[in-house]
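Listed below, chain by chain, are the residues.
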Amino acid sequence: GIPRGGSKLAQALEKYITPDSIFRLVVDDVWTTGKSMRDVLRPSDYGIVVFARQPIPEHMPVRAIFTMSNV
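What you see as residue numbers is a count from 1 along each chain, following the sequence as written. The model is predicted, so local features are restricted to residues of pLDDT at least 70 and side-chain atom pairs to those at 80 or more, both for listing and for counting; the totals for chains, interfaces and linings are taken over all residues. Derived side-chain values reflect all non-hydrogen atoms in the structure, with water molecules and hydrogen atoms excluded from consideration.

**Q** How do you make sense of the overall build of the chain when you look at a structure like this?
**A** Per the secondary structure count, the chain includes 2 helices and 3 strands. Segments assigned H or I by DSSP are reported as helices when at least four residues long, segments assigned E as strands when at least two residues long, and all are numbered from the N terminus. Its helices and strands taken in sequence order, the chain reads α-β-α-β-β from the N to the C terminus. We compute the radius of gyration from the C-alpha atoms alone; for a globule the expected value is 2.2 Å times N to the 0.38, where N is the number of residues. Here the chain has a C-alpha radius of gyration of 12 Å; the compact-globule value for 71 residues is 11 Å, and the two agree. Projected onto the principal axes, the alpha-carbon positions of the chain cover approximately 35 × 25 × 20 Å. Think of it in three bands: with a 1.4 Å probe and only protein chains considered, a residue is buried below 20% of the maximum accessible area for its type, exposed above 50%, and partly exposed in between. Of all 71 residues assigned to the chain, the portion counted as buried reaches 23%.

Structure representation (structure tokens):
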């Protein structure tokens, strides 16, 4: 998880970890600029955020559960 908001979400999802997987799911609570996610994503990672305040670029392997357009 991304430090602070994403850490608690990552802890809640720990029981679903597959230790030998080559992929990582990186989680965060809020996407604002995407800097935090860009700083930690590796090429084979996927990202999930609970809420996106700004649009997530289509080339990013990150999806939002909720976006400003949903609210």
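**Q** For this particular structure, what's the right way to read the sheet that holds strand β3 (residues 62–67)?
**A** The strands making up a sheet associate through hydrogen bonds between their backbones, and the pairing can be parallel or antiparallel. Two strands qualify as a pair provided that DSSP identifies no fewer than 2 bridges between them. With parallel pairing, 3 strands are arranged side by side in an open sheet as β1-β2-β3. The sheet is open, and its two borders are formed by β1 (25–31) and β3, each paired with just one other strand. For this sheet the average axis-to-axis angle between neighbouring strands, irrespective of direction, equals 20°. When β1 meets strand β2 (residues 46–52), the two strands line up parallel, connected through 6 bridges. Bridge pairing in β2 places valine 30 opposite phenylalanine 51. Taken strand by strand, helix α1 (residues 5–13) contacts β1 and β2, and its axis lies near 135° from that of β1. Axis definition: a line fitted to C-alpha atoms, limited for helices to the stretch in contact. Angles are taken between N-to-C directions and run from 0 to 180 degrees. Only heavy atoms matter for contacts: two residues are in contact if any of them lie within 4.5 Å across the pair.

**Q** I tried to follow the pattern of salt bridges on my own but got confused; where do I start?
**A** When their charged atoms lie close together, side chains carrying opposite charge are able to pair. One speaks of a salt bridge when a side-chain nitrogen belonging to Lys or Arg is within 4 Å of a carboxyl oxygen belonging to Asp or Glu. Summed over the entire model, instances satisfying the criterion amount to 2 salt bridges. A salt bridge links aspartate 45 to arginine 24, with the nearest nitrogen and oxygen atoms 2.6 Å apart. Within this pair, whereas aspartate 45 is found in the loop between α2 (35–40) and β2, its partner arginine 24 is found in the loop between α1 and β1, the two being separated by 21 residues in sequence. Judged by its relative accessible area of 1%, aspartate 45 falls in the buried class. The exposure class assigned to arginine 24 is partly exposed, which follows from its relative accessible area of 30%.

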